[in-house]
Amino acid sequence: MLHGTTIILISFAYLGLLFAIAYYADLRADAGRPVIASPYIYSLSLAVYATAWTFYGSVGRAASDGIGFLPIYIGPTLMIALWWVVLRKILRISKRNRITSLADFVAARYGKSALLGGLVTVIAVVGILPYISLQLKAVSSSFTILVQYPEIMLPAQAGAVPMREDTALWVALILAAFTIAFGTRHLDAAEHHQGMVAAIAFESVVKLLAFLAVGAFVTFGVYNGFGDVFARAAADPTDVG
Amino acid sequence: MGNFETKGQHFVALCMLGMLLFNYPILALFNVPGTLLGVPALYAYVFIAWAGLIAAMAYLAESSS
């Protein structure tokens with residue numbers, strides 16, 4: 001049985017570790033010995049697109065569709081093949097025109113139209129809001145599940161909580177503080193946000209281990225190895241994968 | 001600079017190959033009951049093709065010519 005305080009303490013310890021990694025990477029960058037120059041660190045940081053919700057979304061899809069969880073990983077792999085051509089060009093244009101945001105980029109391509117830039121910003125904000133709220137929901141749901149364990153309580157049953165007890169709100173505030181501290185202090189197209197990238201790369205290792213743990217638990221804990229998983233899936237007519 | 005452009009074209013070709021490998025006609029070929037070392041044919045195919053694509057991209061990225 002985990003207490004709310006224990007979970008919060010562990011969360012803050014983890015966050016502190018991320019801050020420390022980001023701070024250290026920034027120091028190293030200032031000293032001219034960047035940690036993120038390694039292709040391995042850079043590759044790990046790409047897994048930033050695997051969000052908090054990915055753990056529910058991907059595992060849920062794998063459970064209901066089988067192979068249906070793979071396209072969101074294969075798609076990016078195919079796009080990476082185009083980076084040599086596309087990303088190179090985007091970077092070249094961004095550096096030449098000192099562009100730091102998507103809105104500026106689109107606006108710059110169409111005669112530096114301020115109206116277009118504003119429109120892109122509004123669309124991006126409106127588009128990303130539900131996605132971000134889903135991530136915060138994933139974090140607060142995980143918190144609820146952990147606090148209630150060993151009794152399995154799904155967040156929908158937990159009922160409404162007062163605003164100041166809502167984990168999602170606090171998580172949002174802390175994440176905003178992290179981003180401001182390590183992402184947006186100085187905006188420059190040539191800047192690489194080294195601390196941020198290093199922290200994300202470290203998180204990717206944690207995510208990788210978490211996914212492998214889920215895989216190992218399902219394969220060998222819930223079932224009896226790979227053969228058993230596939231045999232049971234094949235025997236179940238409701239399985240479409 | 002010519003090498004750079006050729007490499008870019010090779011990468012685009014790899015992307016198109018990937019789209020072909022992970023889409024309907026070819027994917028359907030492997031959606032059969034057989035297994036490879038206990039793994040269903042479709043799963044085995046997707047993972048092997050995926051690994052092959054990544055290996056090809058890595059080789060292309062690292063190659064000097």
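Residues numbered from 1 in each chain as written. Chains lettered and ligands numbered in written order. Predicted model: local features only at pLDDT ≥ 70, side-chain atom pairs only at ≥ 80, totals over all residues.

We now examine the overall build of chain A. Within chain A, the regular secondary structure consists of ten helices and zero strands. Each helix and strand of chain A, ordered N terminal to C terminal, gives the series α-α-α-α-α-α-α-α-α-α. Within chain A, the proportion of its 241 residues that are buried is 11%. Long-range contacts, defined here as pairs at least 24 residues apart, represent 63% of the contacts in chain A between residues at least 6 apart. (Helix = DSSP H or I, 4+ residues; strand = E, 2+ residues; numbered from the N terminus. Buried ≥ 20, exposed ≤ 12 C-beta atoms within 10 Å, placed from the backbone. Contact = placed C-beta atoms within 7 Å.)

Here the focus is the interface of chain B and chain A. Taken together, the contact between chain B and chain A spans 19 residues of the former and 13 residues of the latter. Within the residue set of the side of chain B that touches chain A, elements represented by two or more residues are α1 (2-21), β2 (39-40) and α3 (41-62) of chain B. The dominant element in the side of chain B that touches chain A, judged by the number of residues it contributes, is α1 of chain B, at eight residues. For the side of chain B that touches chain A, the residue count by class is 15 nonpolar, three polar and one charged. (Nonpolar A, V, L, I, M, F, W, Y, C, P; charged D, E, K, R; others polar.)

Here we come to the nonpolar core. Residue and element names in this part refer to chain A. With eleven residues, the main nonpolar core is built from Ala22, Ala25, Ala29, Ile36, Leu44, Met196, Val197, Ala198, Ala199, Ile200 and Ala201. If you list the elements that add at least two residues to this core, you get α1 (4-30) and α9 (194-222). Here this core takes six residues from α9, the largest share from any one element. (Core = buried A, V, L, I, M, F, W, Y, C linked by C-beta atoms within 7 Å.)

This part is about the confidence of the model for chain B. All names here are of chain B. On average, residues of chain B score 87 in pLDDT, and 95% of them are at 70 or above. No element of chain B has a lower mean pLDDT than strand β1 (residues 35-36), which averages 80, and none a higher one than α3, which averages 92. Scoring the predicted complex yields pTM 0.79 and, for the interface, ipTM 0.86. (pLDDT = per-residue confidence, 0-100.)

So, about unusual backbone geometry. Residues and elements named next belong to chain A. Backbone geometry places Arg98, a non-glycine residue, at a positive phi of 50°. With respect to the helices and strands, Arg98 occurs in the loop between α5 (86-97) and α6 (102-109). Backbone geometry at Lys112 places phi at a positive 50°, although glycine is not the residue there. Among the secondary structure elements, Lys112 is positioned in the loop between α6 and α7 (114-148). On the basis of neighbour count, Lys112 is assigned to the exposed category, with 11 C-beta atoms found within 10 Å.

An α-helical turn contains 3.6 residues, so any two residues separated by three or four positions project in the same direction. An ideal rise of 1.5 Å per residue puts 16 Å on twelve residues; α5 of chain A measures up with 17 Å between its terminal C-alpha atoms. Phi turns positive one or two residues past the end of α5 of chain A, at Arg98 of chain A, with a value near 50°. (Expected span 1.5 Å × (residues − 1).)

Our focus in this paragraph is the packing of α1 of chain A against α9 of chain A. Residues and elements named next belong to chain A. Here α1 crosses α9 at 135°, and the two axes come no closer than 7 Å. Relative to α9, the element α1 lies oblique. Viewed along their axes, α1 and α9 form a crossing whose handedness is right-handed. Each of Leu18, Ile21, Ala22, Tyr23, Ala25, Asp26 and Ala29 in α1 lies in contact with α9, whose residues at this interface are Gln194, Gly195, Met196, Ala198, Ala199, Phe202 and Glu203. (Axes fitted to C-alpha atoms, helices over the stretch in contact; angles between N-to-C directions. Parallel < 35°, antiparallel > 145°, perpendicular 65-115°, else oblique. Left-handed = near helix turned anticlockwise from the far one by under 90°.)

To continue, consider the environment of Phe22 of chain B. Within the element layout of this structure, Phe22 of chain B appears in the loop between α1 and α2 (24-29). For the pair Phe22 of chain B and Trp50 of chain B, spaced 28 residues apart in sequence, the C-alpha to C-alpha distance is 8.8 Å. Once residues lying within four places of it in the same chain are set aside, the contact partners of Phe22 of chain B are Ile74 of chain A together with Leu27 of chain B.

This paragraph deals with the packing of α6 of chain A against α7 of chain A. Residue and element names in this part refer to chain A. In contact at an axis separation of 8 Å, α6 and α7 are set at 145° when each is read in the N-to-C sense. As α6 packs across α7, the resulting crossing turns out to be right-handed. Residue-level contacts link Leu102, Ala103, Asp104, Val106 and Ala107 of α6 to Ala114, Leu116, Gly117, Val120, Thr121 and Ala124 of α7. Each residue belonging to the contact of α6 with α7 can be placed in one class, and the counts come to eight nonpolar, two polar and one charged.

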